[in-house]
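Residue-level structural notes
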Amino acid sequence: MKWIVRLTFILMATAACISVIFVRELKPASGSAFLFIAAWLVLPYAIMSAALIAFRRKQYTPVNWHVVAALVSIGGTVFLADVIFWHPDAQGAIAVFMTPFLQAGVIALLLPVASWVSRHVRR
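A brief structural summary. (Residues numbered from 1 in each chain as written. Predicted model: local features only at pLDDT ≥ 70, side-chain atom pairs only at ≥ 80, totals over all residues. Heavy atoms only, no water.)

**As for the packing of aromatic side chains**
- Tallied over the full model, the rule gives 5 aromatic pairs.
- Seen in terms of ring centroids, W40 and F101 are 5.4 Å apart; in terms of plane orientation they differ by 65°. Their pairing is edge-to-face. One end of the pair, W40, is in helix 2 (residues 31–57); the other, F101, is in helix 4 (residues 92–121), and 61 residues separate them in sequence.
- Of the residues examined, F101 reaches a relative accessible area of 43% and is grouped as partly exposed.
- Note on F55 and W65: the rings are 4.9 Å apart at their centroids and 80° apart in plane angle, and the pair reads as edge-to-face. Of the two residues, F55 is situated in helix 2 and W65 in helix 3 (residues 63–86); the sequence distance between them amounts to 10 residues. (Phe/Tyr/Trp six-rings, centres within 6.5 Å; stacked < 30°, edge-to-face > 60°. Helix = DSSP H or I, 4+ residues; strand = E, 2+ residues; numbered from the N terminus. Buried < 20%, exposed > 50% of the residue type's maximum accessible area, 1.4 Å probe, protein only.)

**Digging into the side chain of T8**
- Assignment of secondary structure puts T8 in helix 1 (residues 2–26).
- Apart from the residues within four sequence positions on either side, T8 is in contact with L52, H66, A69 and A70. (Contact = heavy atoms within 4.5 Å.)

**Focus on a nonpolar patch on the surface**
- Residues F36, I94, F97, M98, F101 and L102 make up a contiguous nonpolar surface patch of about 580 Å² in total accessible area.
- Broken down by element, the nonpolar patch gets its largest block of residues, 5 residues, from helix 4. (Patch = residues over 30% accessible without salt bridge, like charges linked within 9 Å, V, L, I, M, F, W, Y side chains within 5 Å. Areas by Shrake-Rupley, 256 points an atom, 1.4 Å probe, with all protein chains shown as cover. Salt bridge = Lys/Arg side-chain N within 4 Å of Asp/Glu carboxyl O.)

**What about the side chain of S73?**
- Looking at where S73 falls in the secondary structure, it is placed in helix 3.
- Its relative accessible area of 1% is what places S73 among the buried residues.
- When sequence neighbours within four positions are dropped, the list of residues in contact with S73 reads L11, M12, A15, Y45 and M48.

**Some thoughts on unusual backbone geometry**
- At K27, a position not held by glycine, the phi torsion is positive, near 55°.
- With respect to the helices and strands, the residue K27 is situated in the loop between helix 1 and helix 2.
- According to the relative accessible area criterion, K27 is exposed, its value standing at 63%.

This is the structure:
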């Protein structure tokens, strides 16, 4: 169990750092714009980390939550890479802004699915 916890937090920290690097590639007009966009894109990772730490202290963190956090971290980074580098277009700024909302939606969809899968795989 400890290895998946460590791996999840390493993936989330790496994804947050990559998101900040991606913001640099967007070349915002000012330092405050850079800080706002960077903070906005790092927010989901901070929330996931805080939630996992809070539930871990209560001794209630299923493994599937760590798997979902890792998948969302990887997916968010790949989505940003797609929007910024692979398929840039005029609506890319909207897609970058929507990334945390999309990550929240994926979490809301994957947590019940992961819970269901973990219950049925154990049988």
